[in-house]
Amino acid sequence: MKKYIKITLFALASILLVFMILHIGWRFKDRQTLNVYILDKTVTQLDRPEHKSLVWALNYNRFVKPNGKAYSNNSDYYGFFPIDIATEAFDFKSIRINEVEEYAEKYDVAYYADCYGVQSFEWYKGKTKPVRSQKVYGGLNQNDYLLLKSMLEKDKLVIGEYNMFSTPTNALVRIKTEELLDINWKGWSGKYFSSLNVNAPDGPPHWMKNLYESQHLGVWPNSKQGIVFLNNDGLIEVLAIDEHLTQGFPVIISSDEAVQRFEVANQIVYENWFEVIEPGGNKVLSHFKLHLTPEGEEKLKRIGISNTFPAIIEGKNNGKMFYFCANFAENPAHMWTSKIAGGKTINHFLTRFSTTNRAKFFKHYYHPLIKNILKEYAEHTDIAE
């Protein structure tokens, strides 16, 4: 018995030693001070999944706060703060109108990870659960817009991401932000589901099926994989495999410039939420492609969508504005792996079995993308070390 205890203790000590060495190796990586304003209004889980992989990338690549400390996934952001899910306690941190210029001056980067917010049915799950859904907190507001505007005027880096424009964002704020970024939101969002069966673990919610059947007087394709499209006005369309799609999931295809400049994969499967954006006079670095049958092409044509549309848009101001037309920052990430040498490989190994395509997207697309955008900006901007 003592022999087994000694072996176990030796094994644990060896593992601890290895991780201490890996952590020391990470600490020897060069640091770069970068003051990043992170906005995430859609936080219904304590691990903050909507901006978790962004903070992971900041820490792994040794981008640090002005005080020299690593970023915290739990506290270094603005938006919704769940305090205790069991007791339904929460708080939120927002920018005030009199703080806009101060923040635009002190922050180097603004990253709007998710502005949708939190609805009452998502947060109140106990006795206080309301009959009708109402906004608890969320939507892009006037102060959020003013901060973006001021930072762009000061030649700072601005990165926006999926769900800046849909309800509950005010229409006037949306229009002003679209004009600021020179993009046009088409009002449609979509998501791939490996099974359209509403009773499947990763299937769509029941309300999608009910909405579809009420609008189309048709049968919901329960057993097939496919893509659900939702319009901000409440319209819904479904593309099912074989009938409308020759390949179920969307693919992101990147330009040669994006591959060389940001080290992203030329093609990658994408399974999370995306939206249809018109790029205006901006540059499209990557685009979504849907593999459609003739019936699928006709169905999308009726609602004004083609089989290709932007995934990454870069502004005309030399790498100072990017818009990600999808939920790019929500990826599987174990935060402890962000502070060890080789953490990228270890994190991928731990996540690739349960979330294969999303783990590949994080490793081969989002992580190199955000790492190189930030490094490029830091190298060409006078930021104090």
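Before any of the text, the structure's been laid out above.
The text that follows walks through the structure, step by step, so that each part is easy to find. Remember, predicted model here, so these are calculated numbers, not experimental data. (Residues numbered from 1 in each chain as written. Predicted model: local features only at pLDDT ≥ 70, side-chain atom pairs only at ≥ 80, totals over all residues. Heavy atoms only, no water.)

Some thoughts on the overall build of the protein chain
Along its length, the protein chain carries 11 helices and 18 strands. Relative to the compact-globule value of 21 Å for 385 residues, the protein chain shows a C-alpha radius of gyration of 22 Å, a close match. When its C-alpha atoms are laid out on the principal axes, the protein chain stretches across 65 × 60 × 50 Å. Of the contacts formed within the protein chain by residues at least 6 apart in sequence, a portion of 72% connects residues at least 24 apart. Taken as a whole, the protein chain presents about 18,300 Å² of accessible surface, with 54% of it coming from carbon and sulfur. (Helix = DSSP H or I, 4+ residues; strand = E, 2+ residues; numbered from the N terminus. Rg over C-alpha atoms; globule rule 2.2 N^0.38 Å. Contact = heavy atoms within 4.5 Å. Areas by Shrake-Rupley, 256 points an atom, 1.4 Å probe, with all protein chains shown as cover.)

Overview of the packing of aromatic side chains
According to the stated counting rule, one finds 28 aromatic pairs in the structure shown. Summarising the aromatic geometry, the rings of Tyr37 and Tyr78 are spaced 4.6 Å apart at their centres and angled 25° between planes, so their arrangement reads as stacked. On the criterion of sequence distance, the pair formed by Tyr37 in strand 2 (residues 36-40) and Tyr78 in strand 4 (residues 78-84) is long-range, its members being 41 residues apart. For the pair formed by Tyr37 and Tyr78, the shared burial category is buried. When the ring of Tyr77 is compared with that of Phe81, the centres are 4.2 Å apart and the planes differ by 15°; the resulting orientation is stacked. The burial state of Tyr77 is the same as that of Phe81; both residues are buried. Site record: aromatic cluster; members linked through ring pairs are Tyr111, Phe229, Tyr270, Phe274, Phe288, Phe309, Phe324, Phe328, Phe361 and Tyr365. Taking NZ or CZ as reference, Lys29 lies 4.1 Å from the ring centre of Tyr60, over its face. The ring of Trp26 carries Arg62 above its face, with NZ or CZ at 4.2 Å from the centroid. (Phe/Tyr/Trp six-rings, centres within 6.5 Å; stacked < 30°, edge-to-face > 60°. Buried < 20%, exposed > 50% of the residue type's maximum accessible area, 1.4 Å probe, protein only. Lys NZ or Arg CZ within 6 Å of the ring centre and 35° of its normal.)

A short note on the sheet that holds strand 11 (residues 226-231)
The 4 strands lie next to each other as 12-11-10-15, forming an open sheet whose pairing is antiparallel. The outermost strands of the open sheet, each flanked by one partner alone, are strand 12 (236-240) and strand 15 (274-278). The average undirected angle you get between the axes of adjacent strands in this sheet is 25°. In terms of strand pairing, strand 10 (residues 184-193) meets strand 15 through 4 bridges, oriented antiparallel. Looking at the pairing, Asn184 lines up with Glu278 of strand 15. (Pairing = 2+ DSSP bridges. Axes fitted to C-alpha atoms, helices over the stretch in contact; angles between N-to-C directions.)

Side note on helix 11 (residues 356-379)
With 24 residues, helix 11 extends 33 Å from end C-alpha to end C-alpha; this agrees with the ideal 34 Å at 1.5 Å per step. Approximately 40° is the largest bend angle found in helix 11, and it occurs at Phe362. (Expected span 1.5 Å × (residues − 1). Bend = angle between axes of the 7 residues up to and from the residue.)

Quick word on the nonpolar core
Counting residues in hydrophobic clusters, the biggest one holds 63 residues, and the most contacted among them are Tyr111, Phe229, Phe324, Phe328 and Tyr366. It is helix 11 that contributes the most residues to this core, 9 residues altogether. When neighbours within four sequence positions are excluded, Phe324 is seen to be in contact with Tyr111, Ile159, Gly160, Glu161, Tyr162, Glu275, Ala311, Ile312, Tyr366, Leu369 and Ile373. Listed in part, the 29 residues of the second largest apolar core include Tyr37, Ile95, Ala104 and Leu140. (Core = buried A, V, L, I, M, F, W, Y, C linked by side-chain atoms within 4.5 Å.)

Observations concerning the layout of surface pockets
Within this model, the second largest pocket holds a volume of roughly 210 Å³. Around the second largest pocket sit Lys29, Asp30, Arg31, Gln32, Asn61, Phe63, Lys371, Lys375, Ala378 and Glu379, which together line it. Counting residues per element, the lining of the second largest pocket draws most heavily on helix 11, which supplies 4 residues. Of the residues contributing to the lining of the second largest pocket, the split by class is 2 nonpolar, 2 polar and 6 charged. (1 Å grid on protein atoms, 1.4 Å probe; cavity = no way out; pocket = protein on both sides within 12 Å on 5 of 7 lines; lining within 4 Å. Points joined across faces, edges and corners; volume = space filled by probe spheres on them. Nonpolar A, V, L, I, M, F, W, Y, C, P; charged D, E, K, R; others polar.)

Topic: unusual backbone geometry
Cis geometry is adopted by the peptide bond preceding Pro168, which originates at Thr167 and carries an omega value of 20°. Structurally, Pro168 can be placed in the loop between strand 9 (157-161) and helix 6 (171-181). Even without glycine at this site, Arg62 takes up a positive phi of about 65°. Counting through the fold element by element, Arg62 comes out in the loop between helix 2 (49-60) and strand 3 (63-64). Located in the positive-phi region is Asn163, a residue other than glycine, with phi close to 80°. Examined against the element boundaries, Asn163 turns out to sit in the loop between strand 9 and helix 6.

On their own, these measurements won't tell you what the molecule is for.
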